[in-house]
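Each chain, letter by letter, is given below.
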Amino acid sequence: MRVDSGQLYIDGAFREAADGRRAEVVNPATGDAMGSMAQGGAVDARAAVDAATRAFAAWAATPAPERAAVLRKAADLILQRRDAIAALMTREQGKPLRESAGEVTMTADYFQWNAEEARRIYGDIIPASTRAKRLLVLRQPVGVTAAITPWNFPASMIGRKLAPALAAGCTAVLKPAPATPLVACAILQCLHDAGLPAGVANLVAGPAEPIGEVFLTDARVRKISFTGSTAVGKMLLGRAAEQMKKVSLELGGHAPFLVFPDADLDQAVEGVVSSRYRNAGQTCICANRLYVHEDIAATFSQRLAARVQSLRVGRGDDPSVDVGPLIGAAAVERVRAQVEDGLARGGRLLCGGEPLPGPGYFFQPTVIADLPPDALLRNQETFGPLLGLWSFRDEAEAIALANDTPYGLAAYLYTRDLGRAVRVSEALEYGIVGVNDPVPATVQAPFGGVKESGMGREGGYEGLLGFLETKFVSLAVPS
Ligand code: NAP
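Keep in mind the model is a prediction, meaning the values are calculated, not measured.

Draft legend 1. A look at empty space enclosed by the protein. If you walk through the whole model with that rule in mind, you get 1 cavity of 30 Å³ or more. Considering the residues around the largest cavity, the lining is formed by Asn27, Ala29, Thr90, Arg91, Gly94, Arg315, Gly316, Asp317 and Pro325. Here the residues of the lining of the largest cavity sort into 2 nonpolar, 4 polar and 3 charged. Looking at which domains feed residues into the lining of the largest cavity, each of domain 1 (5-251 + 453-474) and domain 2 (255-442) supplies at least three.

Shown next, in the form of structure tokens:
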């Protein structure tokens, strides 16, 4: 398989779509086509579900150490091919090469960690109330699963879904985002080369609706695991109810970042920069709202603005670049609209504020202070290199401001006061809290949101549990 010419992967073979359609894949740093991808539809999705259904019984019955061996081999291959996959990711998605390499490593980690965990899917024996019974609890794979992934983490989101699904003994059909199908092909190629049996993992790229419709209406698909926007997540949840499918939803966020006066301010500035401007701000857990204690707000905002202005924007394949392009023209437009709205409502521009001339889809790293509560930036997920800054008076106000959103994915606080770290972490209505830590996501910990940021957890043992059903067996034992 050529990396710039992706094919669907169904029943253990790379192939063109049933109707032969293909679409260009665009490099967001140049706006030019960098490759093309086969475009599957309902026929291909159905063929993939057929293959996943045929493969399920044998894969579920495969001893866990054998399943684990395939996943470990896949992890090794992903690492061996890290540089090539990272270069492809940078061309396809835009993020700086070192971020791409880090993401590929994390993808391998998902396969490695779940391979280890596959051997520890234990059941329970419950003490019965009578001598004449034994009560057993079995954990069994849920069946055929569908995975729908976004473009912002085109490899690690696949690792986070496919690795636990396959470790649990499920089979899977993946629909990657249309902007980043080629990285998905590269990961599936590693699974193929690792000896994954035909049909256990399948890839159907193409328009969302016909493929999603097969996932939603084919009763053989027992679970849908989705990472993407809250709007699409709500639609999937409603429709999945028709067949009572299991659903896990990793949705949008609007993360608050609280800086208390006792924080190490240098660390806090670096933390904000890492959280907000990594991946050009296109990270579901990145800081969207920065709240700084009023005593340090003036100093902090000056230091932050200077640091943000020093970030180098450009093509991700230039090693000196900190911030790459946005995924496309619509993303630039969304950031520009939030900036214009904020300035029109009296916001104070601390730095940036403009798109950069093409080719490619670039926006200056931007900070705006003192926006009113109804500003777009205060309420809508930005998904770009733009941050809002406000001040707060005390801990209670900081918590209230942080929780004042329908989202609940990730929140951050910087403080050196241990008591405050505990109190505030406990009070934040979020699925993930980073205390003096701007990058809390890791393969062995549960990742996910509360409120409109989703349901279910991925990563860690809880991620694996999401692909397992609990079965109770009551065994009468004649005396
Ligand atoms: P999106 O528009 O919701 O798309 C995500 C995926 O869903 C894409 O593959 C998309 O395909 C597909 N999709 C859209 N409509 C569908 C339908 N009717 N049936 C089946 N699939 C459908 O989100 P995005 O803009 O690509 O990604 C950014 C969003 O993801 C942000 O909100 C971000 O916060 C969130 N995100 C969350 C996490 C997390 O773990 N919580 C992680 C990363 C990103 P098409 O593009 O073809 O429509």
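Draft legend 2. Molecular detail of the side chain of Thr283. Considering the arrangement of structural elements, one finds Thr283 in the loop between α9 (265-277) and β14 (287-293). By relative accessible area, Thr283 is classed as buried at 3%.

Draft legend 3. Broad picture of the environment of Cys170. Structurally, the position occupied by Cys170 is in the loop between α5 (156-168) and β9 (171-175). On a C-alpha basis, the gap between Cys170 and Trp59 in space is 7.3 Å, while along the polypeptide they are 111 residues apart. Apart from residues no more than four positions distant in its own chain, Cys170 is found in contact with Phe56, Trp59, Pro141, Val142, Gly143, Thr145, Ala165, Val200 and Phe467.

Draft legend 4. Structural detail: the nonpolar core. Core analysis: the largest hydrophobic core is formed by 85 residues, its most contacted members being Phe111, Leu162, Leu166, Leu188, Leu191 and Leu203. If you tally residues by element for this core, the top one is helix α6 (residues 181-193), at 9 residues. Not counting residues within four places of it along the chain, the set of residues in contact with Leu166 comprises Trp59, Arg67, Leu71, Ala172, Leu191, Leu196, Val200 and Ala201. With 59 residues, the next largest nonpolar core counts Leu258, Leu428, Ile432 and Phe447 among its residues.

Draft legend 5. Summary view of the site of the ligand. As a structural note, the neighbourhood of the ligand is formed by 28 residues, with Arg160, Ser229, Leu251, Cys284 and Glu381 the closest of them. A distance of 2.8 Å separates an oxygen atom of the ligand from a polar side-chain atom of Arg160. Listing elements by their share of the shell around the ligand, those giving two or more residues are α7 (208-217), β11 (221-227) and α8 (230-240). The element best represented in the shell around the ligand is α7, accounting for 3 residues. Residues from two domains meet in the shell around the ligand; each of domain 1 (5-251 + 453-474) and domain 2 (255-442) gives at least three.

Draft legend 6. Highlighting the pattern of salt bridges. Tallying each qualifying case throughout the model produces 30 salt bridges. Among the ionic pairs, Glu458 bridges to Lys161, the shortest N-O distance being 2.7 Å. Here Lys161 lies in helix α5 and Glu458 lies in the loop between β22 (454-455) and α15 (460-465), a separation of 297 residues in the sequence. Accessibility expressed as a relative area gives 1% for Lys161, which makes it buried.

Draft legend 7. Broad picture of the sheet that holds strand β19 (residues 386-392). Within the open sheet, the 7 strands sit side by side as β15-β18-β19-β14-β13-β20-β21. Their pairing is mixed. The open sheet has two edge strands with one neighbour each: β15 (348-351) and β21 (432-435). Going across the sheet, the axis of each strand differs from the next one's by a mean of 25°, ignoring polarity. Strands β13 (255-259), β14, β18 (366-369), β19 and β20 (410-414) of the sheet are contacted by α9, whose axis makes an angle of about 170° with β13.

Draft legend 8. Here's a closer look at the layout of surface pockets. Here the second largest pocket is characterised by a volume of approximately 170 Å³. Lining the second largest pocket, in full, are Arg98, Glu99, Val273, Ser274, Tyr277, Arg278, Arg307, Leu311, Asp322 and Val323. Put simply, the parts of the chain that give the lining of the second largest pocket at least two residues each are α4 (97-118) and α9. Ranked by the residues each element gives to the lining of the second largest pocket, the list is headed by α9, at 3 residues. Partitioning the lining of the second largest pocket into residue classes produces 4 nonpolar, 1 polar and 5 charged.

Draft legend 9. Broad picture of the packing of aromatic side chains. Tallied over the full model, the rule gives 6 aromatic pairs. Measuring from centroid to centroid gives 5.7 Å for Trp151 and Phe383, while their planes differ by 85°, and the two rings are edge-to-face. Remark: Phe383 occurs in the loop between α12 (376-379) and β19 and Trp151 occurs in the loop between β8 (144-148) and α5; sequence separation between them is 232 residues. Arranged with centres 5.5 Å apart and planes meeting at 25°, the rings of Phe257 and Tyr412 form a pair that is stacked. In this pair, Phe257 sits in strand β13 while Tyr412 sits in strand β20, placing the two residues 155 residues apart along the sequence. Just as Phe257 is buried, Tyr412 falls in that class too. Each member of the aromatic cluster is reached from another via a ring pair, and the members are Phe257, Tyr412 and Tyr414. Sitting over the ring of Phe467, Lys223 keeps its end group 4.3 Å from the ring centre.

Draft legend 10. Expanded view of the pairing of β8. In terms of residue burial, β8 counts as a mostly covered element, since 5 of its 5 residues are buried. Both faces of β8 are covered, namely the face carrying Val144, Ala146 and Ile148 and the face carrying Thr145 and Ala147. Alignment of β8 against β9, held across 5 bridges, turns out to be parallel. Paired with Thr145 across the two strands is Ala172, which belongs to β9. At this point the chain moves from β8, through α5, to the parallel β9, and the crossover so formed is right-handed. In this structure, β8 lies alongside β11, joined through 5 bridges in parallel fashion. Looking across to β11, one finds that Thr145 is bridged to Lys223.

Draft legend 11. Quick peek at helix α3 (residues 82-93). Its 12 residues place the ends of α3 16 Å apart at the C-alpha level, agreeing with the 16 Å of an ideal helix rising 1.5 Å per residue. Taken together, the buried positions of α3 are occupied by Ile85, Ala86, Leu88, Met89, Thr90, Glu92 and Gln93. Downstream of α3 by one or two residues, Gly94 has phi in the positive range, about 105°.

Draft legend 12. Quick peek at the domain arrangement of the protein. Examined at the domain level, the protein breaks down into domain 1 (5-251 + 453-474) and domain 2 (255-442). The gap between the C-alpha centroids of domain 1 and domain 2 is 31 Å. With 22 residues of domain 1 at the contact, the number on the domain 2 side is 27 residues. Surface buried jointly by domain 1 and domain 2 totals about 2000 Å² across both partners, of which 56% is contributed by carbon and sulfur atoms. Counting across the interface, domain 1 meets domain 2 through 1 salt bridge.

Thresholds, definitions, all that
- Residues numbered from 1 in each chain as written.
- Predicted model: local features only at pLDDT ≥ 70, side-chain atom pairs only at ≥ 80, totals over all residues.
- Heavy atoms only, no water.
- 1 Å grid on protein atoms, 1.4 Å probe; cavity = no way out; pocket = protein on both sides within 12 Å on 5 of 7 lines; lining within 4 Å.
- Points joined across faces, edges and corners; volume = space filled by probe spheres on them.
- Nonpolar A, V, L, I, M, F, W, Y, C, P; charged D, E, K, R; others polar.
- Domains from an automatic or database assignment.
- Helix = DSSP H or I, 4+ residues; strand = E, 2+ residues; numbered from the N terminus.
- Buried < 20%, exposed > 50% of the residue type's maximum accessible area, 1.4 Å probe, protein only.
- Contact = heavy atoms within 4.5 Å.
- Core = buried A, V, L, I, M, F, W, Y, C linked by side-chain atoms within 4.5 Å.
- Near = heavy atom within 4 Å.
- Polar contact = N/O pair within 3.5 Å; in protein donor to acceptor, adjacent residues only side chain to side chain.
- Salt bridge = Lys/Arg side-chain N within 4 Å of Asp/Glu carboxyl O.
- Pairing = 2+ DSSP bridges.
- Axes fitted to C-alpha atoms, helices over the stretch in contact; angles between N-to-C directions.
- Phe/Tyr/Trp six-rings, centres within 6.5 Å; stacked < 30°, edge-to-face > 60°.
- Lys NZ or Arg CZ within 6 Å of the ring centre and 35° of its normal.
- Right-handed = clockwise from strand over helix to strand, strands pointing away.
- Expected span 1.5 Å × (residues − 1).
- Buried area = accessible area lost by both parts, 1.4 Å probe.

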